[in-house]
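The lines below spell out each chain.
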Amino acid sequence: MKPILFVCVHNAGRSQMAEAFFNHGALDRGLGVEALSAGTAPGGEVNPVAAQAMEEVGISLRGHTPKLLTAEMAAAAQRIITMGCGVEAGMCPAGTYISEDWGLPDPHGQGIEGVRPVRDAVRERVEALLDQLAAAP
């Protein structure tokens, strides 16, 4: 099955959290699908506060690194979801493949108290997506 692709500009916070939540949840549900994440201008490292917030819920982002979105990644995905970070179809290799935008606030530059609600919103959206995929024929 083609992967789900979560896209953001820096691929350092929301999209990394979405990938991790999705892969953890898909494995728990026995779904035969995985998620990837990428950015149009990837940062140098995963946001350490986002990683801390994920550790609090038992999911590690250790070993995750921001990746550049390529046209090949976009073409290979069954669904492309942007995080609400200004990724415009005309400026991104995902182009017209973008399925939806989740419009989530950017955790960049925020402390843990600001990142936790973003993490929880990402988890809620990912859980709904996993439920939708599990119910599909």
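**Student:** Sorry if this is basic, but what is going on with unusual backbone geometry here?
**Tutor:** Backbone geometry follows two general trends: most residues other than glycine have a negative phi, and most peptide bonds adopt the trans configuration. With a phi close to 50°, N11 is a non-glycine residue in the positive phi region. Tracing the backbone through its elements, the reader meets N11 in the loop between β1 (4–8) and α1 (14–29).

**Student:** So what exactly am I meant to see when it comes to the pairing of β1 here?
**Tutor:** Along a regular strand, successive side chains alternate from one face of the sheet to the other. Within β1, five of the five residues are buried, which leaves it mostly tucked inside the rest of the structure. Side chains of β1 alternate between two faces, with I4, F6 and C8 and L5 and V7 buried alike. As paired strands, β1 and strand β3 (residues 79–82) are joined by four bridges and run parallel to one another. Looking at the pairing, F6 lines up with I81 of β3.

**Student:** Help me understand the packing of aromatic side chains, please; the structure alone is not making it clear to me.
**Tutor:** Both the distance between ring centres and the angle between the ring planes are used here to describe each pair of aromatic rings. The tally for this structure, following the rule as stated, stands at two aromatic pairs. Centroid distance F6 to W102: 5.6 Å. Interplanar angle 55°. Geometry classified as tilted. Here W102 lies in the loop between β4 (98–101) and α4 (112–135) and F6 lies in strand β1, a separation of 96 residues in the sequence. In this structure F6 comes out as buried when scored by relative accessible area, which is 0%. Aromatic rings pair up to connect F6, F22 and W102 into one cluster.

What counts, and at which threshold
- Residues numbered from 1 in each chain as written.
- Predicted model: local features only at pLDDT ≥ 70, side-chain atom pairs only at ≥ 80, totals over all residues.
- Heavy atoms only, no water.
- Helix = DSSP H or I, 4+ residues; strand = E, 2+ residues; numbered from the N terminus.
- Buried < 20%, exposed > 50% of the residue type's maximum accessible area, 1.4 Å probe, protein only.
- Pairing = 2+ DSSP bridges.
- Phe/Tyr/Trp six-rings, centres within 6.5 Å; stacked < 30°, edge-to-face > 60°.

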